[in-house]
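# Residue-level structural notes
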Amino acid sequence: MTTYDYDLFVIGGGSGGVRAARVAAALGKRVGIAEEYRFGGTCVIRGCVPKKLFVYASQFPEHFEDAAGYGWTVPQARFDWATLIANKDKEIGRLEAIYKRNVEGAGGETFQTRATLIDRHTVRLESLNRTVTADQILIATGGRPAAHPALPGNEFCIFSNEAFHLAELPKAIAIEGGGYIAVEFANIFHGLGVETTLIYRGTEILGRFDMDLRTMLHETMEKKGIRILCRSLSEKVVKRADGRLDVTVTGGEVLTVDQMMLAIGRVPNTESLGLDKAGVELDKKGAIVVDAYSRTSVDNIWAVGDVTDRVQLTPVAIHEAMCFVETAFKNNPTKPDHDTIATAVFSQPEIGTVGLSEDEATKRFAELEIYRASFRPMRHTLSGRQEKMLMKLVVDGKSRKVIGAHILGPDAGEMAQLLGIPIKAGLTKDDFDRTMAVHPTAAEELVTMYKPTYRVKDGARID
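Residues numbered from 1 in each chain as written. Predicted model: local features only at pLDDT ≥ 70, side-chain atom pairs only at ≥ 80, totals over all residues. Heavy atoms only, no water.

## Structural notes on the overall build of the protein chain
Secondary structure summary: the protein chain contains twelve helices and 23 strands in total. On C-alpha atoms alone, the protein chain measures out to a radius of gyration of 24 Å, which is about the 23 Å that the 2.2 N^0.38 rule sets for 463 residues. The C-alpha extent of the protein chain, read off along each of the three principal axes, is 70 × 65 × 45 Å. A sequence separation of at least 24 residues applies to 62% of the contacts in the protein chain between residues at least 6 apart. (Helix = DSSP H or I, 4+ residues; strand = E, 2+ residues; numbered from the N terminus. Rg over C-alpha atoms; globule rule 2.2 N^0.38 Å. Contact = heavy atoms within 4.5 Å.)

The structure is reproduced here in structure tokens:
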């Protein structure tokens, strides 16, 4: 019988890889994990966590404005970018240490190095100039921002990675993209006082979200002062003598900005990992091909998270890692469940959503009931802010199951997490109607919309 150095070796120290390593080590398995950059991965180091901290920072100007209506006199505020960056870095460093310590505390061994495959059981630790062997190998190397080599002047652009480490806050920025990252950073920079333009090739921002949310967020962002150019592309970026950038967009308009940020998608980190040497199959996008249990084309090599390009969300990577441990080490084959995933966009106002959009539901169900409420939340009544909130439920007209819930407004992400439970459980609109409201809250609208706003039958709206 072959003896290996490890029962499991994990390549990639992000949320998925660390969870798999820690849980497997806690089971008594010999576990090694290698990370070439910083433990914590995209989410902790240069993704969700620092982004949410930036979101909080960017919301304070509105909080200061709103305070006046509640009797507060707030002195003129002053923002210091360097302080935000320093405090963010301190918090990220703390979390990074926890991620690494948790693996080691469970009995795993951590390596700060790039790791590549030599064959299906052998891993090379590059900076240590040594190889180790493992019975099972898990690839969890995540993804990175997609480049734009076809754009003249792309070398002058930044990505979300660099946005967290800018030496100074720009006075003006252009952001290309219309997904989570582009929309969130547009709101962040605008909230921090930056003149912000969002450039998106599609007809409306945030594709695949419910159209009511998309259009209402677009309108609200523009009212705040963010310029949004849909059906547009950046065609050229030129660096000026004064260091600023001239960005030519569709139609010939030139935007003069301090930074141009590209947020046009993400690609899996699979290059130069030695996957070909081990016989691991990739798809045409470069993502690792896996079966329903996260097993690759090589039976002892597995992959989870963004490197598989299934659902690019941190909690999904963690869930896949837990299922992997059940399958590989607990004799309990478990498929990750990618259906009905709650998610949030930390725009301003934020979006929380779970289940099917109205457009998606129309394609799958013959009859729908749509419940929709738009109102000014109570917190804005004394402040005078005119910003509205939107709540929407999509219901299967035959079974009465709630198959989609969509919220735009304060704390929408928190509500989406809780809504994920009843919708995942298949509860009906009658169950919602029987639930007592918590008053006064915005969320009570979710259980007090008793009559449908309109119906959809065979794709046609019926008012």
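## Some thoughts on the pairing of strand β20 (residues 389-396)
With eight of eight residues buried, β20 is to be regarded as a mostly interior element. Neither face of β20 is open: one carries M389, M391, L393 and V395, the other L390, K392, V394 and D396, and all of them are buried. One ladder, built from eight bridges, connects strand β19 (residues 367-375) with β20; its direction is antiparallel. Residue pairing in the sheet places L368 in a bridge with D396 of β20. Relative to strand β21 (residues 402-408), β20 runs antiparallel, the two being bridged by six bridges. Following the sheet pairing, M391 is matched in β21 by I407. Linking β20 back to β21 in an antiparallel pair, the connection comprises five residues, with R400 at a positive phi of about 70°. (Buried < 20%, exposed > 50% of the residue type's maximum accessible area, 1.4 Å probe, protein only. Pairing = 2+ DSSP bridges.)

## Quick look at the packing of aromatic side chains
Applying the stated criterion across every chain yields a total of eleven aromatic pairs. Measuring from centroid to centroid gives 5.9 Å for F324 and F329, while their planes differ by 80°, and the two rings are edge-to-face. On the basis of relative accessible area, F324 is assigned to the buried category, the value being 0%. Relative accessible area serves as the criterion here: at 15%, F329 is assigned to the buried category. Positioned above the aromatic ring of Y371, the side-chain terminus of K429 is 4.2 Å from the ring centre. Residue placement shows R461 over the ring face of Y454; its charged tip is 3.6 Å from the ring centre. (Phe/Tyr/Trp six-rings, centres within 6.5 Å; stacked < 30°, edge-to-face > 60°. Lys NZ or Arg CZ within 6 Å of the ring centre and 35° of its normal.)

## A closer look at the environment of G14
Relative to the helices and strands, G14 is located in the loop between β1 (6-11) and α1 (15-26). The exposure class of G14 is buried, given its relative accessible area of 11%. As a C-alpha pair, G14 and P333 span 319 residues in sequence and 23 Å in three-dimensional space.

## Comments concerning the environment of V395
Assignment of secondary structure puts V395 in strand β20. Once residues lying within four places of it in the same chain are set aside, the contact partners of V395 are E367, L368, E369, Y371, R400, K401, V402, I403 and K429.

## So, the packing of helix α3 (residues 48-67) against helix α6 (residues 180-191)
Packing of α3 against α6 brings their axes to within 8 Å, and their N-to-C directions diverge by 40°. Relative to α6, α3 is oriented oblique. As α3 runs across α6, the sense of the crossing is left-handed. Side by side, α3 and α6 meet where K51, F54, V55, S58 and P61 of the first sit next to E184, F185, N187, I188 and G191 of the second. Split by residue class, the contact of α3 with α6 holds five nonpolar, three polar and two charged. (Axes fitted to C-alpha atoms, helices over the stretch in contact; angles between N-to-C directions. Parallel < 35°, antiparallel > 145°, perpendicular 65-115°, else oblique. Left-handed = near helix turned anticlockwise from the far one by under 90°. Nonpolar A, V, L, I, M, F, W, Y, C, P; charged D, E, K, R; others polar.)

## Concerning the sheet that holds β20
What the seven strands build is an open sheet, ordered β17-β18-β21-β20-β19-β22-β23; its pairing is antiparallel. The open sheet has two free edges, formed respectively by β17 (343-345) and β23 (460-462), since each of these has just one partner strand. Taken pair by pair, the neighbouring strands of this sheet meet at an average axis angle of 20°, ignoring direction.

## Digging into the side chain of T110
One can find T110 in strand β3 (residues 109-111). Reaching out from T110, the side chain makes a polar contact with the side chain of E104 at a distance of 2.6 Å. Aside from chain neighbours lying at most four places away, what touches T110 is I33, F39, K100, V103 and E104. (Polar contact = N/O pair within 3.5 Å; in protein donor to acceptor, adjacent residues only side chain to side chain.)

## Description of the nonpolar core
Grouped together as the largest cluster of nonpolar side chains are 40 residues, with contacts concentrated most on I175, F185, F189, L198, I205, M221 and M261. For this core, the secondary-structure elements that each account for two or more residues are α3, α4 (81-105), β8 (172-176), α6, β9 (195-200), α7 (211-224), β10 (227-230) and β17. Here this core gets six residues from one element, more than from any other, and that element is α6. Sequence-distant contacts of L198, defined by excluding residues within four places in its chain, comprise I175, G177, A182, V183, A186, I205, M221, R227, I228 and L229. (Core = buried A, V, L, I, M, F, W, Y, C linked by side-chain atoms within 4.5 Å.)

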